[in-house]
Amino acid sequence: MDELLTTQELAERLKVTTKTIQRMVSQGRLPVLRVAGSGNGHPRFIWQDVVDTLRIPARDAGDRGDG
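(A) Local environment of the sheet that holds strand E3 (residues 42-46). With respect to topology, three strands assemble into an open sheet ordered E1-E3-E2, the strand pairing being antiparallel. What marks the edges here is a single partner per strand, and that holds for strand E1 (4-5) and strand E2 (33-35). Across three bridges, E2 lies against E3 in antiparallel orientation. Residue Leu33 lies in a different strand from E3, and its bridge partner there is Arg44. Running at roughly 70 degrees to E3, helix H3 (residues 47-54) makes contact with E1 and E3 of the sheet.

See below:
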């Protein structure tokens, strides 16, 4: 079963503020689910989806990208 996190829980795991999470959602940089609630619903995040989205492939130490 996928682990659903609140904005606060995700912020704590990523060691950022909830405002940063909200900004990343509005910029389309984080995958978000909306569950029933007022307005647009309550945001929830699947941890593994967030990890996969934020993962940046490590570059080879010798590759400077200028060649």
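What follows picks up the thread again.
(B) Summary view of the side chain of Thr7. Residue position: Thr7 is located in helix H1 (residues 7-14). Leave out the neighbours within four places in its chain, and Thr7 touches Thr18, Ile21, Gln22, Pro43 and Phe45.

(C) Local environment of unusual backbone geometry. The backbone of Lys15 shows a phi angle near 60 degrees, a positive value even though the residue is not glycine. Position of Lys15 among the secondary structure elements: in the loop between H1 and helix H2 (18-26). According to the relative accessible area criterion, Lys15 is exposed, its value standing at 73%.

(D) Just the pattern of salt bridges, in detail. Across all of its chains, the model carries two salt bridges by this definition. Arg13 is paired through a salt bridge with Glu3; the nearest N and O atoms lie 2.5 Å apart. Pair noted here: Arg13 is in helix H1 and Glu3 is in the segment before E1, with a separation of 10 residues, a long-range link. Arg13 sits in the partly exposed class, given a relative accessible area of 36%. Across the pair Arg55 and Asp52 runs a salt bridge whose closest N-O atoms are separated by 3.3 Å.

Analysis parameters
- Residues numbered from 1 in each chain as written.
- Predicted model: local features only at pLDDT ≥ 70, side-chain atom pairs only at ≥ 80, totals over all residues.
- Heavy atoms only, no water.
- Pairing = 2+ DSSP bridges.
- Helix = DSSP H or I, 4+ residues; strand = E, 2+ residues; numbered from the N terminus.
- Contact = heavy atoms within 4.5 Å.
- Axes fitted to C-alpha atoms, helices over the stretch in contact; angles between N-to-C directions.
- Buried < 20%, exposed > 50% of the residue type's maximum accessible area, 1.4 Å probe, protein only.
- Salt bridge = Lys/Arg side-chain N within 4 Å of Asp/Glu carboxyl O.

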